[in-house]
Amino acid sequence: MNTVRLGIIGLGNMGTSHLRDYMKGAHKNMEITAICDIDPAKIENAKNILKNENIPSFLSSDEIIKSGLVDAVLIATPHYDHPTIAIAAFEAGLHVLSEKPAGVYTKAVREENEAAAKSGKVFGIMYNQRTRLAWQKLREMVQNGELGEMKRAVWIITEWYRTQSYYNSGGWRATWGGEGGGVLLNQCPHNIDLMQWVCGVPKRVRASAYYGKYHNIEVEDDVTAYFEYENGATGLFITTTGECPGTNRFEYTGDKGKVIIEGDTLTYVKLDGSVSEFTANSPEGFGRLKGETTVTDYPSGGQHSEVLNNFVDAILNGTPLLAPGCEGINGLSISNAMHMSSWTNDWVDLPIDEDKFYEMLQEKIKTSTFVKEVVETKVVDVSGTFGN
């Protein structure tokens, strides 16, 4: 096989964005051979983007998966569908690239990971922020020990400002039954993934989430979370869709230095020794370690197209994935822990109690505006998991 035949499932904002990149020639060794959405109007729009009225199109994910026209699928549907469609694709012998998040709750994503492993097919997730070279550099510095043992990590990511109009644009948005969460599950999966990619998964989480604080929605739009790591290091994660102007600043403090990332600028303060050793041994009560500061601007990386091209290379040539799909559960477990901590007003240990989280989420879904609407019209069942 020299070319991967790709099917796009879900032709909303992200699905059509991938189509436009494809038409710009951003993808290599890949051909979009089929498209799928439950909305015929979106299919017609996709055909117009592709300038191909004859491209095979389907109204259900089962049909495109069983069509024999694709080697792989890119899943760009609402969140609850991601694991369900992925599992069906793996069982049909297809490779899968999923948009973020991997799912809404880890119990379903764990089943997705198991299906991927059993199939032996390539499984990727669209964590396009991993292509940013500043973050790749920081991860390299952490892994090679250049910064010493982690002491603290703080991310203020409040650039996700959204208006009420944004939330009104789709009935599934910002509902427990339709989306499964708010800023943590829609805007922040990339940020949570990058934080765990660099720092690892914390051992426990304490979070305060505010529901409909700045918007007329039922899910969270403002969150502050405190992390504790196995080595005693701490972390802070602050996010919202209700502030303008926002901030995007990440600080990683190690025993031998500090890194600050703002946008694509990495500021590195390299200390001339170890803080812990200096603290224990210096005779100067007000002494301070000296350091050298460097500021470097990095390219943003290839973003979505780079992840998709890497996925295709993994299928054709066995190239290691930049964003393996099985790692999607890491960030989701942290997100689930934040929600559970807010709901219980208590610490939550990781790995979380997946059954307990699922039960608590179902209680939220039962009172969801989205579920009330769809139950009345008998579109889906009360579980809140809606098909393609």
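Below or above, wherever it landed, is the structure these notes cover. If you're wondering where the values come from, they're calculated on a predicted model, not measured in any experiment.

Now for the environment of Gln362. With respect to the secondary-structure elements, Gln362 resides in helix α12 (residues 354-366). Gln362 sits in the buried class, given a relative accessible area of 13%. It is 8.7 Å that separates the C-alpha atoms of Gln362 and Trp176, two residues lying 186 residues apart in sequence.

A separate point is the pattern of salt bridges. With the rule as written, the count across this model stands at 14 salt bridges. Among the salt bridges present, the one from Arg5 reaches Asp71, with a minimum N-O distance of 3.0 Å. With Arg5 in strand β1 (residues 4-9) and Asp71 in the loop between α3 (61-66) and β4 (72-75), this residue pair connects regions lying 66 residues apart in the sequence. Residues Lys366 and Glu363 are paired through a salt bridge, measuring 3.3 Å at the closest nitrogen-oxygen approach. Here Lys366 and its partner Glu363 are both found in helix α12, three residues apart, which amounts to about one turn of the helix. Through salt bridges with shared partners, one network takes in Arg249, Glu251, Lys258 and Glu262.

Take the pairing of strand β5 (residues 95-98) next. Burial along β5 is two-sided: His95 and Leu97 and Val96 and Ser98, pointing in opposite directions, are all buried. As a crossover connection, the stretch from β4 through helix α4 (residues 81-91) into β5 is right-handed. As defined by bridge partners, β5 adjoins strand β6 (residues 123-125) across three bridges and the pair is classed as parallel. Paired with Val96 across the strands is Phe123, a residue of β6. Of the crossover connections in this fold, the one passing from β5 over helix α5 (residues 106-119) to the parallel β6 is right-handed.

Below, the discussion takes up the packing of α4 against α5. Contact geometry of α4 with α5 gives a least axis separation of 9 Å together with a crossing angle of 15 degrees. The orientation of α4 with respect to α5, classified from their angle, is roughly parallel. Between α4 and α5 lies a crossing whose hand is left-handed. Residues His82, Pro83, Ala86, Ile87 and Phe90 of α4 form the contact with α5, whose own contacting residues are Ala108, Val109, Glu111, Glu112, Ala115, Ala116 and Ser119. The residue makeup of the contact of α4 with α5, split by class, is eight nonpolar, two polar and two charged.

On to the layout of surface pockets, then. A probe matching the size of a water molecule, rolled over the atoms, marks out where space remains unfilled. Size it by volume and the second largest pocket reaches roughly 180 Å³. What lines the second largest pocket is a set of 14 residues, and nearest its centre among them are Tyr167, Arg173, Ala174, Thr175 and Asn216. If you list the elements that add at least two residues to the lining of the second largest pocket, you get α7 (164-168) and α13 (369-376). Taken together, the residues of the lining of the second largest pocket sort by class into four nonpolar, seven polar and three charged.

Okay, the state of the cysteines next. Counted by the stated rule, this structure contains zero disulfides. Unpaired in this structure, Cys199 has its nearest cysteine sulfur neighbour in Cys188, at a distance of 15 Å. The thiol sulfur of Cys326 is not disulfide-bonded, and the nearest other cysteine sulfur, from Cys199, lies at 19 Å. Note on Cys326: relative accessible area 44%, which makes it partly exposed.

Here we come to the sheet that holds strand β11 (residues 248-254). The strand order across the open sheet formed by nine strands is β14-β13-β12-β11-β7-β10-β9-β8-β15, and the pairing between neighbours is mixed. The sheet terminates laterally at β14 (291-297) and β15 (348-349), the two strands that pair on one side only. Relative to strand β10 (residues 234-240), strand β7 (residues 150-157) runs parallel, the two being bridged by six bridges. For Ala153, the partnering residue across the bridge sits in β10 and is Gly235. This element, helix α6 (residues 133-143), spans β7, β11, β12 (257-262) and β13 (265-271) of the sheet and lies at about 165 degrees to β12. Contacting β8 (204-211), β9 (220-228), β10 and β15, helix α11 (residues 328-344) runs over the sheet at an angle of about 70 degrees to β8.

Calculation criteria
- Residues numbered from 1 in each chain as written.
- Predicted model: local features only at pLDDT ≥ 70, side-chain atom pairs only at ≥ 80, totals over all residues.
- Heavy atoms only, no water.
- Helix = DSSP H or I, 4+ residues; strand = E, 2+ residues; numbered from the N terminus.
- Buried < 20%, exposed > 50% of the residue type's maximum accessible area, 1.4 Å probe, protein only.
- Salt bridge = Lys/Arg side-chain N within 4 Å of Asp/Glu carboxyl O.
- Right-handed = clockwise from strand over helix to strand, strands pointing away.
- Pairing = 2+ DSSP bridges.
- Axes fitted to C-alpha atoms, helices over the stretch in contact; angles between N-to-C directions.
- Parallel < 35°, antiparallel > 145°, perpendicular 65-115°, else oblique.
- Left-handed = near helix turned anticlockwise from the far one by under 90°.
- Contact = heavy atoms within 4.5 Å.
- Nonpolar A, V, L, I, M, F, W, Y, C, P; charged D, E, K, R; others polar.
- 1 Å grid on protein atoms, 1.4 Å probe; cavity = no way out; pocket = protein on both sides within 12 Å on 5 of 7 lines; lining within 4 Å.
- Points joined across faces, edges and corners; volume = space filled by probe spheres on them.
- Disulfide = S-S within 2.5 Å.

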